Every structure is written in structure tokens, then in C-alpha cells.
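What the coordinates show
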Amino acid sequence: MTQQLSVHWETGDRLEPITLPPVTRLELIKYAGASGDYNPIHTIDEAAEKAGLPGVIAHGMLTMAKISRLFSTQLESGFVQNFYTRFVGMVFIGDVITLGGKVIGKEKRNQDTVYRFEVFARNQKGKDVAVGELTFFTLGDLTRA
Amino acid sequence: MWTDRLGSRSQGEVNEVEKGAVRKFAEAIGDLNPLYLDDEVAKNSRYGKRIAPPTFPITFRYGFIEGLELPKSGLIHGDQRFEYQRPLFVGEEVFCYLVFKDAFEKEGSRGRLDFLVFERVGEDQEGERIFAARSTIIVTEAVRKEMYT
């Protein structure tokens, strides 16, 4: 395993976008089980239709969790400190979601650096389904956690 | 209405960041990071132990706000924030509670929308805050009316 112990970004840098496989019902069932959110609009068609939706929709929190994947490979260098997401669109079964983000600010605090990101999850039609901001705190001193 | 419960907090509950629960969650979100899942890799990392994904606190139990009744269905999750003092460690016990922070309304094209803001807090065994998670829940006029009929 190659360990990259410190990341370095500049304001304006874009994260390599991640395009995920199409959303499946099984994925939503698994997330319902793992999160404890059994609201049936996420898993059962009849319940979704009764709520006036064209079909089951993904949990907003699942989309937010997917956004955090953008930073998963960097967790050796720091952690997600402040993570905000607004759920602006619905995600349906079969949707292909792309995650992305860019650096909008950077602040040095002694040896540590706090990077500010704008992040998004977008569907195959190019419409945002979740947008937000995130700060990634990188620790300058390896002996501290 | 709910405004009379504004500022109330739940009694709270102790939650353990369970290994198995973290694995199940990581699998469900498709993020098989060894720092979440592998003791050996985690031991040699800067954290010295396994950590949990940032949105994992959604799985905890926070207790209930007495007297606060919300519609059983039709609630919309508007936004969500997590604020961490440090990562959450696998195996640790976290004291979690819920606060009803704010309530306001806006006029939408299909009638009144009620916005309810909740904060979920997790503290370590010394009472130090690990995270705060803030959610905005939207109640549409249709859902609100259904609840009160």
C-alpha cells in the first residue's frame, strides 16, 4: 500500500470526479438496514407512490455518505471536519451519480491546514441532487491525531 | 404545535461505535476504506485505531424529545451538517442526545412550509464533544394538515 502522508491542494483545484454505478434497489435496502432508516419511500414502490413520488427515492443521507467518498483516500492525512449538504434533488433507481468538488479556500493554522471545498452530487442529466461545503483538516504533525 | 418544545433536549443514550455496524455501514455506502475496516492498517495509521465514516452518527440512538410529536411520514430532509472535533473511533462509547434547536416557517408556492432544526450531539466519556450534527426537516402544509385532522 502506498501511503501518501500529506496532501496538498491549491484554491481552484478540482477533485477527480467519481462516477458511480447506477443506483439499485438492493443498495437502498442495504442502506436502510445499515442506517436504521426504514422509511418505506426508500424501498417500497407503493409507499413512494402513496407519497406522490414517481418511484422510490434514495436516502439523502446515502448521497451525502457517497460525497464523503471523495475524501476517503485522504484520511491518512486528515479528516472531514465540517460537512454540510443541502438535498436539492431526488435520486431514483437507475440514476448515475457523479461526485465532485473543488477547493475554494485554504487556511494555515500552525502546522495544520484547513482546506475548504465546494462539493456536489449530480445525476446523469447534469442536475445537482446534493450540494454543499466541506472542510478537510490536515494535520501537520504526524504524532498527533 | 411544536414551538412550545423549542430548546428541549432528549435524555440521551450511550452508543457504542460497533465494529460490525461500521463494516455494514461502509459496505452499504460502498466505501471499503481499510481505515474503517482493517485493524492492522488502522493500527499503523496516524489514528492508531479504526475510525468511522463521517456520516456514521446517523446510525446512533439519541433518545426522544418528550412531548414533541412529528408527522409519521412525509417529512423532507432539507439539509444536514456534521461538525467534528476529531474523528470517531471504532469501539468507543459515545453519549448522544438530541436538541430541538429552531423552528421557522416560509411561504412556498404550495402553501406554508415549516422548517424544524435538530441538533444531535455526541460526547466522549469525559463529556468532551466529538461531533454535532444539525438537520433541517421540512414539513409541508399538506403533511401538517394531515397530522392535525
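Shown above is the structure to which this text applies.
Okay, so let's go over this structure. Model, not experiment: these values are computed from the prediction.

**Quick notes on the overall build of chain B**
When helices and strands are counted, chain B shows four helices and five strands. Secondary structure elements of chain B occur, N-terminal to C-terminal, as β-α-α-α-β-β-β-β-α. For the C-alpha atoms alone, the extent of chain B along its principal axes is close to 55 × 35 × 20 Å. Taking all 149 residues of chain B together, the buried fraction comes to 50%. Sequence-distant contacts, at least 24 apart, represent 70% of the contacts inside chain B between residues at least 6 apart. For chain B, the exposed surface amounts to about 7,700 Å²; the carbon and sulfur share of it is 45%. When the 22 positive and 26 negative side-chain charges of chain B are each reduced to one mean point, those points stand 2 Å apart.

**Overview of the environment of Val 14 of chain B**
Residue and element names in this part refer to chain B. Residue position: Val 14 is located in strand β1 (residues 13-16). Counting along the chain gives 47 residues from Val 14 to Arg 61, while the straight-line C-alpha distance between them is 8.0 Å. If we ignore the near neighbours within four places in the chain, the residues touching Val 14 are Glu 93, Val 94 and Phe 95.

**Some words on the packing of helix α1 (residues 25-35) of chain A against helix α3 (residues 60-68) of chain A**
All names here are of chain A. Contact geometry for α1 and α3: axes closest at 10 Å, N-to-C directions at 95°. With respect to their mutual orientation, α1 and α3 come out roughly perpendicular. Judged by residue contacts, Glu 27, Leu 28 and Tyr 31 of α1 engage Met 61, Leu 62 and Lys 66 from α3.

**Here we look at the packing of α1 of chain A against helix α1 (residues 19-28) of chain B**
As a packed pair, α1 of chain A and α1 of chain B sit with axes 9 Å apart at the nearest point and diverge in direction by 155°. Taken together, the axes of α1 of chain A and α1 of chain B lie roughly antiparallel to each other. In this structure, α1 of chain A meets α1 of chain B at a crossing whose hand is left-handed. Residue-level inspection shows Lys 30, Tyr 31, Gly 33, Ala 34 and Ser 35 of chain A of α1 of chain A in contact with α1 of chain B, the latter providing Lys 24, Phe 25, Glu 27 and Ala 28 of chain B. Broken down by class, the residue content of the contact of α1 of chain A with α1 of chain B amounts to four nonpolar, two polar and three charged.

**Overview of the pattern of salt bridges**
Residue and element names in this part refer to chain B. Within the structure shown, the criterion is met by 19 salt bridges over all chains. Where Arg 23 meets Glu 27, a salt bridge forms, and the shortest distance between an N and an O atom there is 3.7 Å. Of the two residues, Arg 23 and Glu 27 are both situated in helix α1; the distance of four residues between them amounts to about one turn of the helix. Residue Arg 23 is classed as partly exposed on the basis of its relative accessible area of 36%. A salt bridge links Arg 144 to Glu 141, with the shortest nitrogen-to-oxygen separation between them at 4.0 Å. Of this pair, Arg 144 and Glu 141 both sit in helix α4 (residues 141-147), three residues apart, which is roughly one turn of the helix.

Procedures and definitions
- Residues numbered from 1 in each chain as written.
- Chains lettered and ligands numbered in written order.
- Predicted model: local features only at pLDDT ≥ 70, side-chain atom pairs only at ≥ 80, totals over all residues.
- Heavy atoms only, no water.
- Helix = DSSP H or I, 4+ residues; strand = E, 2+ residues; numbered from the N terminus.
- Buried < 20%, exposed > 50% of the residue type's maximum accessible area, 1.4 Å probe, protein only.
- Contact = heavy atoms within 4.5 Å.
- Areas by Shrake-Rupley, 256 points an atom, 1.4 Å probe, with all protein chains shown as cover.
- Lys, Arg positive; Asp, Glu negative; His and termini not counted.
- Charge placed at Lys NZ, Arg CZ, Asp CG, Glu CD.
- Axes fitted to C-alpha atoms, helices over the stretch in contact; angles between N-to-C directions.
- Parallel < 35°, antiparallel > 145°, perpendicular 65-115°, else oblique.
- Left-handed = near helix turned anticlockwise from the far one by under 90°.
- Nonpolar A, V, L, I, M, F, W, Y, C, P; charged D, E, K, R; others polar.
- Salt bridge = Lys/Arg side-chain N within 4 Å of Asp/Glu carboxyl O.

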